[in-house]
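So the chains spell out like this:
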Amino acid sequence: MSLAGEVGPGPRIVLPEPCLVVLVGAAGSGKSTLAGRAFAPDQVLSSDAHRALLAGDESDQKVTRTASAILHRQLARRMAERRTTVVDATNVTSFARRALVRRAAAEGVLAVAIVLDLPPELVLARNATRPGRIVPEAAVRRQLDDLARSIRRGSLDADGFAAIHVIRAPVELDAVSIGS
């Protein structure tokens, strides 16, 4: 795993075109904020947005399976059309990441991971102050544990990504730029 190279005031991540960008991180780590800042809205497939469409509440976990199935169908279509796509979901388990990478690979599209491995106390604090969609602390702690385990065991490296960019500090996340 490598951190994106430094260019200007912060790290710069250069993406192949087209590609699948898989955001990886616990709830509250800043994935949606990064996606909204760095990508066009029509490039982002969000698990929260899909839950909101189905249940009127992006935190309603009862519809997660259906929301995920819809997201995967949209991803398959976008990969077949060779359109750069960002998946904004926790993706903290190898099972979740590999399913996404397989969809991209089936269409010959490279997959890139952007991992938000911020300090747990910061992630928990951010989650606790999120407007309207606080995830239970126990769930966030499980996500943090899953991510730490993925990093420690090297499973991110084995998931089939063309590149993995790990952001570990809030200052890096605030300053990162993404382009092709």
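Predicted model only: the values in this text are computed from it and were never measured.

Rules used throughout
- Residues numbered from 1 in each chain as written.
- Predicted model: local features only at pLDDT ≥ 70, side-chain atom pairs only at ≥ 80, totals over all residues.
- Heavy atoms only, no water.
- Helix = DSSP H or I, 4+ residues; strand = E, 2+ residues; numbered from the N terminus.
- Rg over C-alpha atoms; globule rule 2.2 N^0.38 Å.
- Buried < 20%, exposed > 50% of the residue type's maximum accessible area, 1.4 Å probe, protein only.
- Contact = heavy atoms within 4.5 Å.
- Areas by Shrake-Rupley, 256 points an atom, 1.4 Å probe, with all protein chains shown as cover.
- Lys, Arg positive; Asp, Glu negative; His and termini not counted.
- Charge placed at Lys NZ, Arg CZ, Asp CG, Glu CD.
- Core = buried A, V, L, I, M, F, W, Y, C linked by side-chain atoms within 4.5 Å.
- Salt bridge = Lys/Arg side-chain N within 4 Å of Asp/Glu carboxyl O.
- Polar contact = N/O pair within 3.5 Å; in protein donor to acceptor, adjacent residues only side chain to side chain.

1. Concerning the overall build of the protein chain
Alright, step 1. Scanning the protein chain from terminus to terminus reveals 8 helices and 8 strands.
Alright, step 2. Its C-alpha radius of gyration of 15 Å places the protein chain within 12% of the 16 Å reference for a compact globule of 180 residues.
Alright, step 3. Every one of the 180 residues in the protein chain was classed for burial, and the buried ones make up 47%.
Alright, step 4. Restricting the contact set of the protein chain to residue pairs at least 6 apart, pairs at least 24 apart contribute 79%.
Alright, step 5. Within the structure as shown, the protein chain displays about 8,700 Å² of accessible surface, and the carbon and sulfur contribution to it stands at 55%.
Alright, step 6. Side chains of the protein chain carry 24 positive and 19 negative charges; the gap between the two charge centres is 5 Å.

2. Details of the nonpolar core
Alright, step 1. In this structure, L15, V21, L23, L34, I114, V140 and I178 are the most contacted members of the largest nonpolar core, which totals 25 residues.
Alright, step 2. For this core, the secondary structure elements donating two or more residues are β3 (19-24), α1 (31-38), β6 (110-116), α5 (120-128) and α6 (137-153).
Alright, step 3. When residues no more than four places from it in sequence are discounted, the contact partners of I178 are R12, I13, L15, L34, A38, F39 and I114.
Alright, step 4. By size, the runner-up hydrophobic cluster in this structure holds 23 residues, among which are A104, A113, I151 and V166.

3. Some thoughts on the side chain of K31
Alright, step 1. Checked against the element boundaries, K31 lands in helix α1.
Alright, step 2. For the buried K31, no salt bridge is present, and the opposite-charge side chain at shortest range is D88, 5.1 Å distant.
Alright, step 3. Engagement of the side chain of K31 in a polar contact is seen with the backbone oxygen of G25, the distance being 3.0 Å.
Alright, step 4. Separated by 2.9 Å, the side chain of K31 and the backbone oxygen of A26 make a polar contact.
Alright, step 5. Not counting chain neighbours up to four residues away, the residues in contact with K31 comprise L23, V24, G25, A26, D88, A89, T90 and L116.

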